[in-house]
Amino acid sequence: MRPNTLRLARKKRGWTETDAAQRLAVSQSYLAMLEGGQRRVTPPLARKFKAVYGLSPTSLPTRDLFEPRAHVNNEEFAKTLSALGYPGFAYLKARVRERNPAEVLLEGLKQDSLEPRLVEALPWLVMNYWDMDKGWLVRNAKLNDLQNRLGFVVTLAKQVSEMSAGVNAERNRALEELEETLEESRLVREDTFLKKVNTDVEREWLRQNRSEEAKHWNLLTNWRPEHFRYAF
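Every chain is numbered on its own, with residues counted from 1 as its sequence reads. Local features in this predicted model are restricted to residues whose pLDDT is 70 or higher, and side-chain atom pairs enter the listing and the counts only when it is 80 or higher, whereas totals over whole chains, interfaces and linings include all residues. Excluding hydrogens and water, the side-chain figures rest on all heavy atoms present in the structure.

On to the pattern of salt bridges. Note on pairing: side chains with opposite charge can pair once their charged atoms come close. Any carboxyl oxygen of Asp or Glu that lies within 4 Å of a side-chain nitrogen of Lys or Arg is treated as forming a salt bridge with it. Scanning the model with the defined rule gives 19 salt bridges in all. Its salt-bridge partner being K158, residue E179 comes within 2.7 Å of it at the nearest N-O pair. With a gap of 21 residues between them, E179 in helix α11 (residues 169–183) and K158 in helix α10 (residues 147–163) connect regions that are remote in the sequence. When a residue's accessible area, from a 1.4 Å probe over protein chains only, is under 20% of the maximum for its type it is buried; when over 50% it is exposed; and in between it is partly exposed. The class of K158 is buried, set by a relative accessible area of 15%. Of the charged contacts, one joins E183 and R186 as a salt bridge, the two residues approaching to 3.1 Å between their closest N and O atoms. Overall, R186 belongs to the partly exposed group, its relative accessible area being 31%. The network of salt bridges with common partners includes R63, R69, E76, R99, E103 and E107. Helix and strand assignments follow DSSP, with helices taken as H or I runs no shorter than four residues and strands as E runs no shorter than two, numbered in order from the N terminus.

Here it is, written out as structure tokens:
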């Protein structure tokens, strides 16, 4: 959470430093140091800022070097998505800590196999939180060899965004820029996409029936934009 973000968010609310400090239960001088970058915003304090200022979950702290878990519990992951507002899991009473959607996205992409109902949520994450920190996202995707999987999801999200009612030009431009950045580090090796391919027959079928986008990102999958119900 950048100091300038805190200052702009406070001013957007029309609050003085004293007003905001009272709401945050900190001293005015301490808030001034946080806004000036003289004090680090701790994770608990970042969550307080998010709640009081009404900031996006993309403002939540991330670890500089993020190592996504290789295996996630499907129900736990569904609740994490629900906490971020994913409509496909609106029925869940999510009692989990809200996380930065960039971390959630990379953790989903790390899986060898993920339930289709969870895969459906990934383009929605990209579309709804298109203001994620692009530098952090690309850097950590490359560290975990996830740039092709991420590139494919971003391409799908961009296609869906362009087809959606009420075109969001700023979002479309941001997704296009992210796609172009990932293109620079696209891997040449073939990979699967969140589903284990157990036989040569299945592998060849996917190779022959995948979309041009999946082929471009060297992925064996038949996922297409029309499969993502809640992204529209």
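From this point, the discussion proceeds with the structure in view.
Attention now moves to the packing of aromatic side chains. Aromatic ring pairs are defined here through the distance separating the ring centres and the angle between the ring planes. Ring geometry is summarised as follows: Phe, Tyr and Trp rings, the Trp one being its six-membered ring, pair when their centres sit within 6.5 Å, and such pairs are stacked at plane angles under 30 degrees, edge-to-face over 60 and tilted between the two. What the rule picks out here adds up to nine aromatic pairs. Pairing F49 with Y53 gives two aromatic rings, centres 5.3 Å apart and planes at 65°, and the pair type is edge-to-face. Highlighted residues: F49 and Y53, both in helix α4 (residues 43–53), separated by four residues, approximately one helical turn. The pair F49 / Y53 is uniform in exposure class, with both members buried. Note on W124 and Y129: the rings are 6.0 Å apart at their centroids and 85° apart in plane angle, and the pair reads as edge-to-face. Here W124 falls in the buried class, since its relative accessible area comes to 6%. Across the ring face of W15, the terminal group of R23 is positioned such that the distance to the ring centre comes to 4.2 Å. Two conditions define a charge located above a ring, namely a distance within 6 Å from the ring centre to NZ of Lys or CZ of Arg, and an angle within 35 degrees of the ring normal.

As a further point, take the nonpolar core. Membership of the largest hydrophobic core comes to 47 residues, with the highest contact counts inside it found for L81, L105, L109, L125, L137 and F193. With seven residues, α10 is the single largest residue contributor to this core. Throughout, a contact is declared for two residues whenever any of their heavy atoms are within 4.5 Å. When neighbours within four sequence positions are excluded, L105 is seen to be in contact with L122, L125, V126, M132, L137 and L150. Membership of the second largest hydrophobic core comes to 14 residues, among which are L6, A21, V41 and F49. Each nonpolar core is a collection of buried residues, namely Ala, Val, Leu, Ile, Met, Phe, Trp, Tyr and Cys, held together in the definition by side-chain atoms within 4.5 Å.

As a further point, take unusual backbone geometry. One non-glycine residue, A25, lies in positive phi territory at about 60°. Mapped onto the elements of the fold, A25 is located in the loop between α2 (17–24) and α3 (28–36). Judged by relative accessible area, A25 falls into the exposed class, the value being 64%. Phi is positive for D145, close to 55°, though the residue is something other than glycine. The topology assignment puts D145 in the loop between α9 (134–143) and α10.

This paragraph deals with the side chain of S161. Along the polypeptide, S161 turns up in helix α10. Of note is the side chain of S161, whose polar atom sits 2.9 Å from the side chain of R171. Excluding residues that lie within four positions of it along the chain, S161 makes contacts with M127, R171, N172 and L175. N or O atoms within 3.5 Å of each other form a polar contact, as long as, within protein, one can give a hydrogen and the other can take it, and as long as residues adjacent in sequence are counted only when both atoms are side-chain atoms.

Turning our attention to the packing of helix α6 (residues 101–110) against α9. Only the stretch in contact is used when fitting a helix axis, every axis being a line fitted to C-alpha atoms; angles between N-to-C directions are given from 0 to 180 degrees. Running from amino to carboxyl end, α6 crosses α9 at an angle of 25°, the nearest separation of the two axes being 10 Å. In terms of orientation, α6 lies roughly parallel with respect to α9. Note on packing geometry: the crossing formed by α6 with α9 is right-handed. In contact with A102, E103, L105 and L106 of α6, α9 contributes W136, L137, N140 and A141. Only Asp, Glu, Lys and Arg are considered charged in this grouping, and only Ala, Val, Leu, Ile, Met, Phe, Trp, Tyr, Cys and Pro are considered nonpolar; every other residue, Gly among them, is considered polar. Looking at the contact of α6 with α9 residue by residue, the class counts come to six nonpolar, one polar and one charged. Angles below 35 degrees are treated as roughly parallel, those above 145 as roughly antiparallel, those between 65 and 115 as roughly perpendicular, and all remaining angles as oblique. Throughout, a crossing is termed right-handed when the near helix is turned clockwise from the far one, and left-handed when it is turned anticlockwise from it by less than a right angle.

Contact pair α6 / α10: the axes reach a minimum separation of 10 Å and the direction vectors enclose 115°. Seen along the crossing, α6 lies across α10 with a hand that is right-handed. Residue-level contacts link L105, L109 and K110 of α6 to R149, L150 and V153 of α10. Residues that form the contact of α6 with α10 fall into these classes: four nonpolar, no polar and two charged.

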